[in-house]
Amino acid sequence: MPKAVKLADIAQKLDVSTVTVSKALSGQKGVSEEMRAKIKQLAQEMGYVKTEASDRQKEKKSYTIGVAVAERYIGSNQPFYWQLYQELSQRSVRKNCFAVLEVIPYEMEIRMLMPKMVTEEKIEAMILMGTFKMEYTHFLQQNVRLPFLMLDTLSHEGEVDTIVSNNLMGAYRMCNYLFELGHKKIGFVGTRLATTSIDERFLGYLKSAMEHGMQIQNEWLVEDRDRDTGRSDYRTHYCLPDQNMPTAFFCNNDIAANVWIHKLTENGYSVPEDISVVGFDNYMNEPFAKIGITTYAIDTKKMAKRAIHVLLHKLENADYSMGICLIDGTFIERESACRIGPPVPFL
């Protein structure tokens with residue numbers, strides 16, 4: 001008896017998802033007419049027979065969700081987006097869906113090239129995870145004709161459903177903590193205008209500084225990467241102030257905090273005895289510093305859960321929109337900061 005032809009068999013022949021085949025054969029939207037015709041013709045040639053199981057699968061409504069991330073944020077020393085993608089993938093499976101990741105090289109951003117998962121029609125919805133060049137983000141917003149969501153980055157146009165950690169208030173909390181420990185001169189490590197997350201965290205630092213009457217000095221603002229490419233060079237970035245050294249630094253993420261502690265130690269400073277350092281995100285990968293970093297943990301599970309929830313609603317209802325959703329994190333105290341005096345009062 002010949003083996004029954006499955007949707008997966010047809011999908012494999014055409015290099016598309018099983019969901020695409022199911023939609024094409026059941027007359028659902030989300031498949032081009034050209035691809036629908038190819039799928040129907042191949043199904044007929046292969047002898048595909050619709051079964052009750054096929055009807056049940058249709059009722060179950062499984063989707064393939066594409067996740068795009070810039071190559072510069074997915075390297076071996078950048079674990080945050082790997083962790084966030086894993087959470088998205090696990091959440092998708094729980095909802096009978098599948099998340100696929102496409103890493104976008106910097107050259108694709110420059111040349112304004114559409115992700116392959118979009119051009120090859122392998123996905124039904126898309127998540128833009130992390131920061132891209134402003135022009136490329138705008139290009140995708142204008143040209144991706146699928147349910148679309150931005151995760152851990154903000155749209156400059158403010159019209160896209162977005163899920164981000166509460167960066168401003170998290171950074172504000174971290175800097176207030178340093179003022180509580182008696183620090184009156186606090187620096188910031190992070191290249192402004194490189195990502196929206198860094199800018200929001202800088203604004204939290206600025207808010208705390210203003211409320212405590214601290215006058216920020218330019219030499220206290222330390223760059224940690226190239227503004228355009230996002231690439232970091234230990235020799236050209238992380239430059240120590242020549243004079244008027246702060247007693248504490250707030251770093252825009254834990255990797256920057258790690259590197260900064262290493263740089264301070266190389267130059268004869270002890271952490272936290274001489275200089276306190278705090279970070280953000282709560283992720284580490286083979287740290288330089290042999291000390292626990294006080295940080296603000298981002299709730300990646302909650303961010304992923306909310307992202308999949310919103311996209312599924314958008315897939316079922318084209319008019320659905322959530323706006324901007326802020327996810328709060330958690331303060332975690334470790335050994336990288338210490339008290340040097342009485343709390344600095346608010347103005």
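For the structure itself, consult the block above.
Residues numbered from 1 in each chain as written. Predicted model: local features only at pLDDT ≥ 70, side-chain atom pairs only at ≥ 80, totals over all residues. Heavy atoms only, no water.

## Quick look at the side chain of Gln141
Next up, step 1: Along the chain, Gln141 turns up in helix H8 (residues 134–143).
Next up, step 2: Among the residues examined, Gln141 registers a relative accessible area of 16% and is labelled buried.
Next up, step 3: Excluding residues that lie within four positions of it along the chain, Gln141 makes contacts with Phe148, Met150, Ser155, Glu157 and Val160. (Helix = DSSP H or I, 4+ residues; strand = E, 2+ residues; numbered from the N terminus. Buried < 20%, exposed > 50% of the residue type's maximum accessible area, 1.4 Å probe, protein only. Contact = heavy atoms within 4.5 Å.)

## A short note on the nonpolar core
Next up, step 1: Of all hydrophobic cores here, the largest spans 92 residues; its most connected members are Met126, Ile127, Met129, Leu151, Ile163 and Trp260.
Next up, step 2: Per element, the largest residue contribution to this core is eight residues, and it comes from helix H12 (residues 300–316).
Next up, step 3: The contact partners of Ile127, leaving out residues within four places of it in the chain, are Ile65, Gly66, Val67, Ala68, Leu88, Leu149, Leu151, Ala307, Ile308 and Leu311. (Core = buried A, V, L, I, M, F, W, Y, C linked by side-chain atoms within 4.5 Å.)

## Examining the pattern of salt bridges
Two side chains carrying opposite charge are able to pair once their charged atoms lie near each other.
Next up, step 1: Counted according to the given criterion, the structure contains 11 salt bridges.
Next up, step 2: In this structure, the salt-bridge partner of Glu34 is Lys38, at a minimum N-O distance of 3.8 Å. Pair noted here: Glu34 and Lys38 are both in helix H3 (residues 33–46), with a separation of four residues, about one helical turn.
Next up, step 3: One salt bridge in this structure joins Asp161 and Lys314, with 2.9 Å as the shortest N-O distance. In this pair, Asp161 is assigned in the loop between strand E4 (148–151) and strand E5 (162–165) and Lys314 in helix H12, connecting sequence segments 153 residues apart.
Next up, step 4: For Asp161, a relative accessible area of 4% corresponds to the buried category. (Salt bridge = Lys/Arg side-chain N within 4 Å of Asp/Glu carboxyl O.)

## Things to note about the sheet that holds strand E11 (residues 324–327)
Next up, step 1: In space, the six strands of this open sheet follow the order E2-E1-E3-E4-E5-E11, with parallel pairing throughout. Of all strands in the sheet, those bounded by a partner on one side alone are strand E2 (98–104) and E11. In this sheet, adjacent strand axes meet at a mean angle of 20° when their direction is disregarded.
Next up, step 2: Where strand E3 (residues 125–129) meets E4, four bridges bridge the pair, whose relative direction is parallel. In the sheet register, Met126 faces E4, and the bridge partner there is Phe148.
Next up, step 3: Contacting strand E1 (64–70), E2, E3 and E4, helix H5 (residues 79–94) crosses the sheet at an angle of about 155° to E2.
Next up, step 4: Against the sheet, H8 makes contact with E2, E3 and E4, and its axis sits at roughly 155° relative to E4, the strand it touches most. (Pairing = 2+ DSSP bridges. Axes fitted to C-alpha atoms, helices over the stretch in contact; angles between N-to-C directions.)

## Focus: the pairing of E5
Next up, step 1: A two-sided burial pattern is seen for E5, the buried positions comprising Thr162 and Val164 on one face and Ile163 and Ser165 on the other.
Next up, step 2: The pairing of E4 with E5 spans two bridges and is classified as parallel. For Leu151, the partnering residue across the bridge sits in E5 and is Ile163.
Next up, step 3: By the bridge criterion, four bridges tie E5 to E11 in an arrangement that is parallel. For Ile163, the partnering residue across the bridge sits in E11 and is Cys325.

## A look at the pairing of E1
Next up, step 1: Burial within E1 is extensive, with seven of its seven residues counted as buried.
Next up, step 2: Burial of the side chains of E1 extends over both faces: Thr64, Gly66, Ala68 and Ala70 are buried on one face and Ile65, Val67 and Val69 on the other.

## Some words on the sheet that holds strand E9 (residues 276–278)
Within a sheet, neighbouring strands are paired by backbone hydrogen bonds and run either parallel or antiparallel to one another.
Next up, step 1: Read from one edge to the other, the open sheet built from four strands follows the order E7-E6-E8-E9, with strand pairing classed as parallel. The two strands at the open ends of the sheet, each matched to only one other strand, are strand E7 (221–222) and E9.
Next up, step 2: Helix H9 (residues 167–180) rests against strand E6 (186–189), strand E8 (248–251) and E9 of the sheet, and its axis sits at about 170° to E8.

## Quick look at the environment of Pro345
Next up, step 1: With respect to the helices and strands, Pro345 occurs in the segment after strand E12 (330–332).
Next up, step 2: Its relative accessible area of 56% is what places Pro345 among the exposed residues.
Next up, step 3: In contact with Pro345, not counting residues within four places along its chain, are Glu211 and His212.

## Examining the packing of aromatic side chains
Next up, step 1: What the rule picks out here adds up to 13 aromatic pairs.
Next up, step 2: Seen in terms of ring centroids, Phe80 and Tyr81 are 5.1 Å apart; in terms of plane orientation they differ by 70°. Their pairing is edge-to-face. Accessibility assignment for this pair places Phe80 and Tyr81 in one class, buried.
Next up, step 3: These aromatic residues form a ring-pair network of at least three members: Phe188, Phe202, Tyr205, Phe250, Phe280 and Tyr296.
Next up, step 4: Its guanidinium or amino end placed over the ring of Phe202, Arg192 lies 5.0 Å from that ring's centre, counting from NZ or CZ.
Next up, step 5: The ring of Tyr172 carries the charged tip of Lys207 above its face, separated from the ring centre by 4.9 Å. (Phe/Tyr/Trp six-rings, centres within 6.5 Å; stacked < 30°, edge-to-face > 60°. Lys NZ or Arg CZ within 6 Å of the ring centre and 35° of its normal.)

## Some details on the state of the cysteines
Next up, step 1: What the rule picks out here adds up to zero disulfides.
Next up, step 2: Here Cys97 stays unpaired: no disulfide links it, and the sulfur of Cys325, its closest cysteine neighbor, is 19 Å away.
Next up, step 3: The buried category is assigned to Cys97, whose relative accessible area is 6%.
Next up, step 4: We note that Cys338 lacks a disulfide partner, and the nearest cysteine sulfur, in Cys251, lies 15 Å from it.
Next up, step 5: Judged by its relative accessible area of 23%, Cys338 falls in the partly exposed class. (Disulfide = S-S within 2.5 Å.)

Keep in mind these values describe shape, not function.
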